[in-house]
Amino acid sequence: IRNLALLYSKIGQYDSALYFFRKRYNANPNDISNLSFMLNNFSKLQLNDSMLVYAKKLEMLKTDNPATFAEIADAFLDMGDFKKAISFYFKALAIKPSPDIYNNLAIAYEGEDKNDEAKKYYKMAVALQPDYSTSLRNLAILYNKTAKYDTSLFYYKKLYAISSTEVSNLSGLAKLFLKLN
């Protein structure tokens, strides 16, 4: 049943995937991975109410796995519910900090137009992993967006040092140079 659910999810047939995930849930309501997959499919279908129900069920399982809370947060982030996403990212970070979680927390803060908070958490991601290009790129873009071009250039240069051939790094750097000249 799990493989059918995963297959349907992979090919974008989320209703069919949920049918099989629900069958699996009824057989074992304490299966954390199944609940996580269900959340992801509810998110894809924008079924916010159902997602909330299963997010609460997942949270009640008292997991100590940060990935579980991060998956819940990611689903809320995908739905644009930034406050709930932020709440679950903090739960994940309380268990174990990770650059990915800090980065996604920053994205949620950007979604709420809290750019200073976003910068803070992008920087925390980079502090954990100095070559974490995703947060470096997001910092460069955010500083560019807020007209802090010198700081944006600083982060683009860091990106360029990590990967001088990645097109998105070169493209962002070129656009910034055009603004500065």
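One structure accompanies this document, and this report is about it.

The next thing to look at is the overall build of the chain. Within the chain, the secondary structure is distributed over eleven helices and zero strands. Its helices and strands in sequence order give the chain the pattern α-α-α-α-α-α-α-α-α-α-α, from N to C terminus.

Another point: the layout of surface pockets. Reported here for the largest pocket is a volume of approximately 160 Å³. Forming the walls of the largest pocket are Ser-33, Ser-36, Phe-37, Leu-39, Asn-40, Ser-43, Glu-71, Ile-72, Asp-74, Ala-75 and Asp-78. Counting only elements with at least two residues in the lining of the largest pocket, the list comes to helix 3 (32-44) and helix 5 (66-79). Looking at which element gives the most residues to the lining of the largest pocket, the answer is helix 3, with six residues. Class assignment for the residues of the lining of the largest pocket results in four nonpolar, four polar and three charged.

Moving on: helix 6 (residues 82-95). Between the first and last C-alpha of helix 6 there are 20 Å, a value that for 14 residues agrees with the 20 Å anticipated at 1.5 Å per step. When we look at burial in helix 6, the residues that qualify are Ala-85, Ile-86, Phe-88, Tyr-89, Ala-92 and Leu-93.

For the rest of this paragraph, the subject is the packing of aromatic side chains. Throughout the structure, instances matching the rule amount to nine aromatic pairs. Note on Phe-69 and Phe-88: the rings are 6.4 Å apart at their centroids and 25° apart in plane angle, and the pair reads as stacked. One end of the pair, Phe-69, is in helix 5; the other, Phe-88, is in helix 6, and 19 residues separate them in sequence. Note on accessibility: Phe-69 and Phe-88 belong to one class, buried. Seen from their ring centres, Phe-154 and Tyr-155 are 4.9 Å apart, and the 80° between their planes marks the pair as edge-to-face. On the accessibility criterion, Phe-154 (44% relative accessible area) is partly exposed. Through a chain of ring-to-ring contacts, three or more aromatic side chains come together here, namely Phe-90, Tyr-102, Tyr-109 and Tyr-121. In this arrangement the basic side chain of Lys-91 is found over the ring face of Phe-88, its NZ or CZ atom lying 4.9 Å from the centre.

Judged by nonpolar contacts, the single largest core of 48 residues is most densely connected at Met-38, Ile-72, Phe-76 and Tyr-89. Non-local contacts of Met-38, meaning those with residues more than four positions away in its chain, are made with Leu-18, Phe-21, Arg-22, Tyr-25 and Tyr-54.

Next up on the list: the pattern of salt bridges. Scanning all chains against the criterion turns up four salt bridges. Between Lys-84 and Asp-81 there is a salt bridge, and its shortest N-O distance comes to 3.3 Å. The class of Lys-84 is partly exposed, set by a relative accessible area of 33%. Its salt-bridge partner being Lys-145, residue Glu-110 comes within 3.0 Å of it at the nearest N-O pair. A residue pair is termed long-range when its members are at least 10 positions apart, and Glu-110 in helix 7 (residues 99-111) and Lys-145 in helix 9 (residues 133-145) qualify at 35 residues. Owing to a relative accessible area of 54%, Lys-145 belongs among the exposed residues under this scheme. Connected via shared salt-bridge partners are Lys-83, Glu-112 and Lys-114.

Before going further, it helps to spend a moment on the environment of Tyr-54. Considering the arrangement of structural elements, one finds Tyr-54 in helix 4 (residues 48-60). Placed 15 residues apart in sequence, Tyr-54 and Leu-39 show a C-alpha to C-alpha distance of 6.7 Å.

It is the contact of helix 8 (residues 115-128) with helix 9, at a shortest axis distance of 9 Å, that shows an interaxial angle of 155°. Our classification of the angle between helix 8 and helix 9 gives roughly antiparallel. In this structure, helix 8 meets helix 9 at a crossing whose hand is left-handed. Contacts between helix 8 and helix 9 pair Asn-115, Ala-118, Lys-119, Tyr-122, Lys-123, Ala-125 and Val-126 from the former with Ser-135, Leu-136, Asn-138, Leu-139, Leu-142 and Tyr-143 from the latter. Split into classes, the residues belonging to the contact of helix 8 with helix 9 amount to eight nonpolar, three polar and two charged.

Cut-offs and rules
Residues numbered from 1 in each chain as written. Predicted model: local features only at pLDDT ≥ 70, side-chain atom pairs only at ≥ 80, totals over all residues. Heavy atoms only, no water. Helix = DSSP H or I, 4+ residues; strand = E, 2+ residues; numbered from the N terminus. 1 Å grid on protein atoms, 1.4 Å probe; cavity = no way out; pocket = protein on both sides within 12 Å on 5 of 7 lines; lining within 4 Å. Points joined across faces, edges and corners; volume = space filled by probe spheres on them. Nonpolar A, V, L, I, M, F, W, Y, C, P; charged D, E, K, R; others polar. Expected span 1.5 Å × (residues − 1). Buried < 20%, exposed > 50% of the residue type's maximum accessible area, 1.4 Å probe, protein only. Phe/Tyr/Trp six-rings, centres within 6.5 Å; stacked < 30°, edge-to-face > 60°. Lys NZ or Arg CZ within 6 Å of the ring centre and 35° of its normal. Core = buried A, V, L, I, M, F, W, Y, C linked by side-chain atoms within 4.5 Å. Contact = heavy atoms within 4.5 Å. Salt bridge = Lys/Arg side-chain N within 4 Å of Asp/Glu carboxyl O. Axes fitted to C-alpha atoms, helices over the stretch in contact; angles between N-to-C directions. Parallel < 35°, antiparallel > 145°, perpendicular 65-115°, else oblique. Left-handed = near helix turned anticlockwise from the far one by under 90°.

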